[in-house]
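Take a look at the letters that make up each chain.
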Amino acid sequence: MFDNLSDRLQGVMKKLTGRGRLSEAAVDAAMREVRLALREADVNFRVVKDFVARVRERAVGSDVMSSLTPGQAVVRVVHEELADLMGSTDSRLVLSSRMPAVVMLVGLQGSGKTTAAAKLANHLRKEGRRPLLIACDVYRPAAVDQLQTLGKELDIPVYAGEPGGDPVGIAQAGVKEAVGAARDVAIVDTAGRLHVDDALMDEARRIRDAVRPDQLLLVVDAMTGQDAVGVAEAFQERVDFDGVIITKLDGDARGGAALSVRAVTGKPIKFAGVGEKLDALEVFHPDRMARRILGMGDVLTLIEKAEEVFEEEQAEELEEKLKKSQFTLDDFLVQLGQLKKMGSMEQVLSMMPGAGGKALKGADVDEGALTRTEAIIQSMTLQERAKPSVINGSRRERIATGAGVSVYDVNQLLKQFAQVKKMLKQFATPGKKGRRMPRMPGGELPF
Amino acid sequence: MNTPWYKRVAEGLTRTREELTGQLNVLVGRGPDVDEGFWEELEDALIGADMGVPAVTEITDRLRASAARERLTDSHAVLELLTDEIAEELALASGDVFELSPVTVLVVGVNGTGKTTTIAKLANELQVRGRSVLLGSADTYRAAADEQLQVWAGRVGVPIVSRERGADPAAVAFDAIRRAREEDFDVTLVDTAGRLHTSRELMGELAKISRIVKRESLAPVRTLLVMDATTGQNGITQARQFDQALGVDGIVLTKLDGTAKGGVCVAIARELGLPIVRVGVGEALDDLKPFDPGDFARALTGAA
């Protein structure tokens, strides 16, 4: 996500931080590269101009130039301005307490409204709300079916009117239905529409006036180019909206559209769609995203994700086991399962300081490795998992056959597990070697 | 069709043209002088059309050289030259894949570009041209994708091969090809699930579908990448990745009826030599038009 932009900016920043002194010419050279990086990332050219002018003004200001580490100071300026560009405040979804609160989604065709609606419903349910989905796209063939299918998958009710019905009427009836069914938030999915289509823009406004949404969100494809600004301005003028959901951010889109929309309309980005699964929706934190782009890591999101998937009881139990050095391959298996729940390895790594950048580029994180490791452990008997020392040559062969891997792979896993266990032992008995986290043997990940 | 196709294309591109022309007219409005400010604004206008920094830099550099050589001081003349440059970039060994008959066409692309709708429009066009068309509904992933294609198949009046959601898409493709072979269809159009080109797993799946289609089809197989005209510079990466994974023969540029300029296709033509075979200019079944590089360039620059 934001990969190319991130690469480019990190390169520029590195050149700056390597210096003790900074001439105005050096800043200018860096700004030219920042300008190019942003332009190539599809940030609107008008937005780029403003951004570069602001950064430059601050960068050649006295604070930066008199700083002992002027390079660092410039990086800080870029970070602050970047966070500002993406919206400087945390952009949580604010819903009123009325019954039901209403969220309405609008956007161009193919931007991902229906999927975003389902993901949002799932997200709100996790926060303890009782969502109802309302299908108002009566135009695209099978759009209603699509939302109904997603609703069924999530076990969240979907209100759909008659095919060919009036979207305004459907939205109203849906909201009424939510009251009757004691659902406290209604999410209205609407048809995709071109911002130049007067009739459909008018319809969107009528739906808005009928259901008076707490939050009207514009869904924007992260891969959109320069046109994003025109689209957002048209939607703002014709329907107005409160915030943005940026979709398909899990590709290598440079995300300039997101930055431009926010800069031009002043409306915050609230959520980012980051995968095909229905839980792949992230609350958008501008500051954290700016840190990710500059390769400064996003430990907060990582911790939150971990908290979401690791259950407290399990964690305590594990800690107990670690203290007593009773960590078995079975526990390892549970850990792997939870790690997988946190998202792809690439996503997880991109949130680690330093790790998301060049170091791991092209390292080709092998998502299959996790699955293979699971298969190997699952091919072991319970006794073998608890006490790997019993695994002799013939057992190794049996396990390898069972998991569809080579004996070499089994050996590697056992070796790594032994190392991890040794490492954990050191970790669990402070005082002996201090509390310092020991280095991972061979610098490899433990799987 | 009463109106000649090139007029329809021009109609579809009107907004594109008006937007860019609007910007370029400002350039013309500067007066005929070709000075440094003119070049800067020209670059901004072209980047604003999603043509991308490298393509714009190279084209304007070449323009500058020509303008200097031919002593062009008039901005109108420069815009004429620009039109020729762009048309040249787009004039590739095109060759319409639908000249072939029989033919099997695999339709691929990222999520939400309009693959399913494009297939419906293609089926309609080919049916009107007297070809027998079979649809293969191999998007077994997206909720209700098959229902969507079923509705279109019904409207156009062409048969469709499908399986339940979650089925192996390669198996659906296999079924479709076999039926096309047995019943002697002229054109088989295979729809696939949208996927981001960065997903190794899903691109692998697509490569497998492609292998099976190419192995089973008696008719030659062509692969079309459907791209949304609003796409920015990411379009180049999309095209490159799909091309590397399974070989792409042409691009269908959709949603040109908005204000998007589709300039990324100039960059794609330059980098990958992929021709644009159709443009989508509206929601109606007959809103899919052939692509003409000259018309497109003229429409872009307003030099018509």
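Residues numbered from 1 in each chain as written. Chains lettered and ligands numbered in written order. Predicted model: local features only at pLDDT ≥ 70, side-chain atom pairs only at ≥ 80, totals over all residues. Heavy atoms only, no water.

A.B. asks: Give a detailed account of the overall build of chain B, specifying residues and quantitative values.
C.D. replies: Counting secondary structure elements, chain B contains 12 helices and eight strands. Taken across its 304 residues, chain B has 59% of its residues classed as buried. Restricting the contact set of chain B to residue pairs at least 6 apart, pairs at least 24 apart contribute 77%. Accessible surface for chain B amounts to roughly 11,400 Å². Of this, 47% is attributable to carbon and sulfur atoms. (Helix = DSSP H or I, 4+ residues; strand = E, 2+ residues; numbered from the N terminus. Buried < 20%, exposed > 50% of the residue type's maximum accessible area, 1.4 Å probe, protein only. Contact = heavy atoms within 4.5 Å. Areas by Shrake-Rupley, 256 points an atom, 1.4 Å probe, with all protein chains shown as cover.)

A.B. asks: Give me the pairing of strand β4 (residues 187-192) of chain B: which residues, what numbers.
C.D. replies: Residues and elements named next belong to chain B. Counting buried positions along β4 gives six out of six residues, so the element sits mostly inside the fold. Both faces of β4 are covered, namely the face carrying Val 187, Leu 189 and Asp 191 and the face carrying Thr 188, Val 190 and Thr 192. In this sheet, β4 lies alongside strand β1 (residues 103-108) in parallel orientation, the contact comprising five bridges. For Thr 104, the partnering residue across the bridge sits in β4 and is Thr 188. Of the pairings in the sheet, the one linking strand β2 (residues 133-138) to β4 comprises six bridges and is parallel in character. Directly across from Leu 134, in β4, lies its bridge partner Thr 188. (Pairing = 2+ DSSP bridges.)

A.B. asks: Tell me about the sheet that holds strand β2 (residues 131-135) of chain A, residues and numbers included.
C.D. replies: All names here are of chain A. A sheet is described by the order of its strands in space; here eight strands give the open sequence β3-β2-β4-β1-β5-β6-β7-β8, paired in mixed fashion. Each having just a single partner strand, β3 (158-160) and β8 (281-283) make up the two edges of the open sheet. Sheet twist, expressed as the average angle between the axes of neighbouring strands with direction ignored, equals 25°. Here three bridges tie strand β7 (residues 269-273) to β8, and the two strands are oriented antiparallel to one another. Directly across from Ala 272, in β8, lies its bridge partner Glu 282. (Axes fitted to C-alpha atoms, helices over the stretch in contact; angles between N-to-C directions.)

A.B. asks: How would you explain unusual backbone geometry if you had to name every residue and give the values?
C.D. replies: Here the bond from Met 99 of chain A into Pro 100 of chain A is cis, since omega is -15°, no more than 30 degrees from zero. Structurally, Pro 100 of chain A can be placed in the loop between α5 (70-85) and β1 (101-107). In this model, Ser 101 of chain B is joined to Pro 102 of chain B through a cis peptide bond whose omega is 0°. The topology assignment puts Pro 102 of chain B in the loop between α5 (75-90) and β1.

A.B. asks: Any details on the sheet that holds strand β6 (residues 250-254) of chain B? Residues and values, ideally.
C.D. replies: Note on sheets: strands pair through backbone hydrogen bonds, and any given pair is parallel or antiparallel. Residues and elements named next belong to chain B. The strand order across the open sheet built from eight strands is β3-β2-β4-β1-β5-β6-β7-β8, with neighbouring strands paired in mixed fashion. Each having just a single partner strand, β3 (160-161) and β8 (288-290) make up the two edges of the open sheet. With five bridges joining them, strand β5 (residues 221-228) and β6 adopt parallel strand pairing. Within β6, the residue paired with Met 227 across the bridge is Leu 253. Strands in contact with helix α7 (residues 145-156) are β2, β3 and β4; relative to β2, the strand with the most contacts, it is inclined by about 170°.

A.B. asks: Could you give an account of the packing of helix α10 (residues 227-238) of chain A against helix α11 (residues 256-265) of chain A, with specific residues and numbers?
C.D. replies: Residues and elements named next belong to chain A. Between α10 and α11, whose axes approach to 9 Å, the crossing angle comes to 40°. Judged on the interaxial angle alone, α11 and α10 are oblique. As α10 runs across α11, the sense of the crossing is right-handed. Every residue of α11 that contacts α10 at Ala 228, Val 229, Ala 232, Glu 233 and Gln 236 is listed here: Ala 257, Ser 260, Val 261, Val 264 and Thr 265. Taken together, the residues of the contact of α10 with α11 sort by class into six nonpolar, three polar and one charged. (Parallel < 35°, antiparallel > 145°, perpendicular 65-115°, else oblique. Left-handed = near helix turned anticlockwise from the far one by under 90°. Nonpolar A, V, L, I, M, F, W, Y, C, P; charged D, E, K, R; others polar.)

A.B. asks: I'd love a proper account of the packing of aromatic side chains, names of residues and values included.
C.D. replies: Going through the model one piece at a time under the given rule, you end up with two aromatic pairs over all chains. Aromatic side chains Phe 38 of chain B and Trp 39 of chain B sit 5.3 Å apart centroid to centroid with 75° between the ring planes, which places their arrangement in the edge-to-face category. As far as burial versus exposure is concerned, Phe 38 of chain B and Trp 39 of chain B are alike and both buried. Lys 267 of chain A extends its terminal NZ or CZ atom over the ring of Phe 241 of chain A, reaching a point 5.2 Å from the ring centre. Arg 155 of chain B extends its terminal NZ or CZ atom over the ring of Trp 152 of chain B, reaching a point 4.9 Å from the ring centre. (Phe/Tyr/Trp six-rings, centres within 6.5 Å; stacked < 30°, edge-to-face > 60°. Lys NZ or Arg CZ within 6 Å of the ring centre and 35° of its normal.)

A.B. asks: If you had to explain the interface of chain A and chain B to someone new, which residues and values would you point to?
C.D. replies: Taken together, the contact pairs 36 residues of chain A with 44 residues of chain B. Counting the surface lost from both chain A and chain B, the interface buries some 3,200 Å², and carbon and sulfur atoms represent 52% of this. The largest share of the area that chain A buries against chain B comes from Pro 141, Met 223 and Glu 276 of chain A, three residues that together contribute 19% of it. For Lys 49 of chain A, the salt bridge identified is with Asp 44 of chain B, shortest N-O distance 2.8 Å. (Buried area = accessible area lost by both parts, 1.4 Å probe. Salt bridge = Lys/Arg side-chain N within 4 Å of Asp/Glu carboxyl O.)

A.B. asks: Could you give an account of the side chain of Asp 189 of chain A, naming the residues involved and the relevant values?
C.D. replies: Residues and elements named next belong to chain A. Locating Asp 189 in the fold gives a position in strand β4 (residues 185-189). At 2.8 Å, the side chain of Asp 189 forms a polar contact with the side chain of Thr 114. What Asp 189 contacts, discounting residues up to four positions off in sequence, is Lys 113, Thr 114, Ala 117, Ile 134, Ala 135, Cys 136, Asp 137 and Leu 147. (Polar contact = N/O pair within 3.5 Å; in protein donor to acceptor, adjacent residues only side chain to side chain.)

A.B. asks: I'd like to hear about the packing of helix α6 (residues 115-128) of chain B against α7 of chain B, residue by residue, with values.
C.D. replies: For any two helices packed against each other, the geometry comes down to the angle between their axes and how far apart the axes lie. Residues and elements named next belong to chain B. Direction vectors running N to C along α6 and α7 enclose 20°, while the axes themselves pass 10 Å from each other. Regarding the angle of α6 to α7, the classification is roughly parallel. Helix-helix and strand crossings are classified by hand; for α6 and α7 the assignment is right-handed. From α6, Thr 116, Thr 117, Ile 119, Ala 120, Ala 123, Asn 124 and Gln 127 reach across to α7, where they touch Gln 148, Leu 149, Trp 152 and Val 156. Residues that form the contact of α6 with α7 fall into these classes: six nonpolar, five polar and no charged.

A.B. asks: Would you mind going over the domain arrangement of chain A in detail, with residue names and values included?
C.D. replies: All names here are of chain A. One can read the domain layout of chain A as domain 1 (3-85), domain 2 (101-296) and domain 3 (302-428). Here domain 1 and domain 2 have C-alpha centroids that lie 34 Å from each other. At the interface, 22 residues of domain 1 touch 25 residues of domain 2. Interface area for domain 1 against domain 2, summed over the two sides, is near 2,000 Å², with a carbon-plus-sulfur share of 59%. The interface formed by domain 1 and domain 2 contains zero salt bridges. At the boundary of domain 1 and domain 2, one finds seven residue pairs in polar contact (both at pLDDT 80 or more). Contributing elements (two or more residues each) for the side of domain 1 that touches domain 2: α1 (3-17), α3 (45-59) and α5. (Domains from an automatic or database assignment.)

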